[in-house]
Amino acid sequence: MKLILFLLAGAGLYLAGVDFETLLGLDTAAVDTSLLVVAVLFAVAFVVRLIWTAVYIGSGQYALDRRLDQWIK
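Owing to the predicted nature of the structure, the values given are computational and were not obtained by experimental measurement.

What counts as what
- Residues numbered from 1 in each chain as written.
- Predicted model: local features only at pLDDT ≥ 70, side-chain atom pairs only at ≥ 80, totals over all residues.
- Heavy atoms only, no water.
- Helix = DSSP H or I, 4+ residues; strand = E, 2+ residues; numbered from the N terminus.
- Expected span 1.5 Å × (residues − 1).
- 1 Å grid on protein atoms, 1.4 Å probe; cavity = no way out; pocket = protein on both sides within 12 Å on 5 of 7 lines; lining within 4 Å.
- Points joined across faces, edges and corners; volume = space filled by probe spheres on them.
- Nonpolar A, V, L, I, M, F, W, Y, C, P; charged D, E, K, R; others polar.

### Remarks on helix α3 (residues 28-58)
Part 1 of the argument: Along its 31 residues, α3 runs 45 Å from first to last C-alpha, staying within 8% of the 45 Å computed at 1.5 Å per residue.
Part 2 of the argument: With its phi angle positive at about 85°, G60 sits one or two positions after the end of α3.

Below is the structure:
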């Protein structure tokens, strides 16, 4: 939870115009590459989680689905 808050605070500062690359003396290309890699990993994790959720719900193991089936019968 704290990591998400720090990431949101960092994104807010970045959008506000704070240039972390210059401030910390980082290589621009390395920072851009690492941010791109992190973004791709988050996108892949989102797609995998979405597919897993769809398969899980479709398998009938979802508790709400079972309760609805019992209620309908």
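Once you've had a look at it, read on.
### Points about the layout of surface pockets
Part 1 of the argument: Approximately 350 Å³ is the volume found for the largest pocket.
Part 2 of the argument: In terms of lining residues, the largest pocket is bounded by F6, L7, G10, A11, Y14, F20, E21, L24, L26, V31, S34 and L35.
Part 3 of the argument: For the lining of the largest pocket, the secondary structure elements donating two or more residues are α1 (2-15), α2 (20-24) and α3.
Part 4 of the argument: Of all the elements, α1 adds the most residues to the lining of the largest pocket, at 5 residues.
Part 5 of the argument: For the lining of the largest pocket, the residue count by class is 9 nonpolar, 2 polar and 1 charged.
Part 6 of the argument: Space inside the second largest pocket adds up to approximately 160 Å³.
Part 7 of the argument: Together, L7, L35, V38, A39 and F42 line the second largest pocket.
Part 8 of the argument: A per-element tally of the lining of the second largest pocket places α3 first, with 4 residues.
Part 9 of the argument: Looking at side-chain class alone, the lining of the second largest pocket contains 5 nonpolar, no polar and no charged residues.

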